[in-house]
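# What the coordinates show
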Amino acid sequence: MLRSRTGPDDENVRTVYVPAPPPPESVYDTLRSGETLAQVLDGRGFSPQEIHELIEVVREYKNPRTFRPGVVMQLTGQPGEQPERILLQLNQDSLLQLDSDADGWTSDIATVPIRVDTLLLGGLIETSLWYAKLSGEVERLGEGEFQEYVYDLADVFAWKVDFTRDIRRGDAFRVAIERELRPDGTLRARRFIAIELRNRGRVLSAIPYTRPGGQRHYFDVEGEALRGVFLRYPVPYRITSGYSNRRFHPVLKRYRAHRGIDYGAPHGTGVKATASGTVTRAGTWGTYGRMVEIRHTHGIQTRYAHLSSIVAGIRVGARVEQGQVIGRVGSTGLSTGPHLHYEFIQNGAHRNPSSMNLPSAPALEEQYMDTFLVKRDAALDLLSGVDLPVARSDEVGPAVAD
Ligand SMILES: [Zn+2]
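Overview of the structure. (Residues numbered from 1 in each chain as written. Predicted model: local features only at pLDDT ≥ 70, side-chain atom pairs only at ≥ 80, totals over all residues.)

### A look at the environment of Thr371
Position of Thr371 relative to the elements: it lies in helix H5 (residues 369–383). Distance in space between the C-alpha atoms of Thr371 and Val150 is 28 Å, their sequence separation being 221 residues. (Helix = DSSP H or I, 4+ residues; strand = E, 2+ residues; numbered from the N terminus.)

Following this line, the structure appears as structure tokens:
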């Protein structure tokens, strides 16, 4: 008699099918204007006690009332059941993760992952820095990103080049930029590694260097500072009314000295302190409207008038650094429209800042030169990966015979 031969394994093993739990699902809620976090949680079926507990956990990280409309909350859990995990955006770079367990809710901060890369760009100027024919890794530029570099570039060379007057068609630049990018492609940070600017036949270079314990500053290839003790201008916009001892005033309808410089900048533009100093006025003052006055060294004061707002913390006695944003352009006081009125006063007398020959910041000290030169050579080597654009002959305007 033949028996079917089955192995011992086959006799005792039974296959049991257990239905797999459905995968957790996520839903997203966006905080609307006038809505609170508690209302969003209420809409997702949390009990009042649980909402209270969650809000108290959130409060350890951020005042729940300061979340702005548009903040996204991700709630994850089994379908049809109460969410077990909540992700809440605290700011652009961090998320608050709340997890439900037997004892209640636990919290943790998750950092948005950052990617670092290097971008090489060239630009051939057509009319201004804003209108340049770009070359290099143009396809990797994000929306509006180039505009940020234009501001940065103008800042770096503000002391060497008057961008409202000295830029010519056919001038060019090339830059190597280190970027920190968020997963959504937005820029978290950006810094120049090296810059070259060809302006009216000369080539200016800028290499950043940070002295131990100091701030990051730009130097030329020889280690000379690019920065002046004073910035050339507090906003990177065209002068709409220069300094004069006699001009027709559009509001007063009479001739009156204009002992300052007006910049035609849009409402809300950040106004920078042109040098480090101490705030001596911050508030409303007659025809100046909302204004800030800063006292610097060498008996110099600067004034920034017609502001729409003054930045928090800018008050009498506050210390400000060169380039720090102190207020926003507006049209307060005696003003016909948004602009910045900037004054430069030395030993109590108004001066024309654009005609003054003000000193540069100190060159790099001897003891830092060796490390600077190593960094410089590496930076210039990187920059050589993109060409400094040259205009074709038909792109160069007619020469001036003089
Ligand atoms: Zn003015």
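### Brief notes about the nonpolar core
Counting residues in each nonpolar core, the largest one holds 59 residues, and the members touching the most others are Ile195, Val292 and Tyr304. In this structure, this core is formed jointly by two domains, domain 2 (115–228 + 363–394) and domain 3 (239–355), each of which donates at least three residues. Every residue in contact with Tyr304, bar those within four places of it in the chain, is listed here: Pro234, Val271, Met291, Val292, Ile326, Gly327, Leu340 and Tyr342. With 11 residues, the next largest nonpolar core counts Leu37, Leu54, Ile86 and Leu98 among its residues. (Core = buried A, V, L, I, M, F, W, Y, C linked by C-beta atoms within 7 Å. Buried ≥ 20, exposed ≤ 12 C-beta atoms within 10 Å, placed from the backbone. Domains from an automatic or database assignment. Contact = placed C-beta atoms within 7 Å.)

### Some points on the environment of Phe344
Summarising the element assignment, Phe344 is placed in strand E22 (residues 340–346). Residues Phe344 and Pro183, 161 residues apart in the sequence, show an inter-C-alpha distance of 45 Å. What Phe344 contacts, discounting residues up to four positions off in sequence, is Thr302, Arg351 and Pro353.

### Focus on the sheet that holds strand E6 (residues 115–125)
Pairing is antiparallel in the open sheet, where 6 strands are placed in the order E7-E6-E8-E9-E10-E11. One side of each edge strand has no neighbouring strand; the edge strands of this open sheet are strand E7 (132–136) and strand E11 (216–219). Pairwise comparison of adjacent strand axes, ignoring direction, gives a mean angle of 25 degrees for this sheet. As judged from the 5 bridges shared by E6 and E7, these two strands associate in the antiparallel manner. Along E7, the bridge assignment pairs Leu121 with Gly136. Packing against the sheet, helix H4 (residues 145–156) makes contact with E7, strand E8 (172–181), strand E9 (187–199), strand E10 (202–210) and E11, and its axis sits at approximately 55 degrees to E9. (Pairing = 2+ DSSP bridges. Axes fitted to C-alpha atoms, helices over the stretch in contact; angles between N-to-C directions.)

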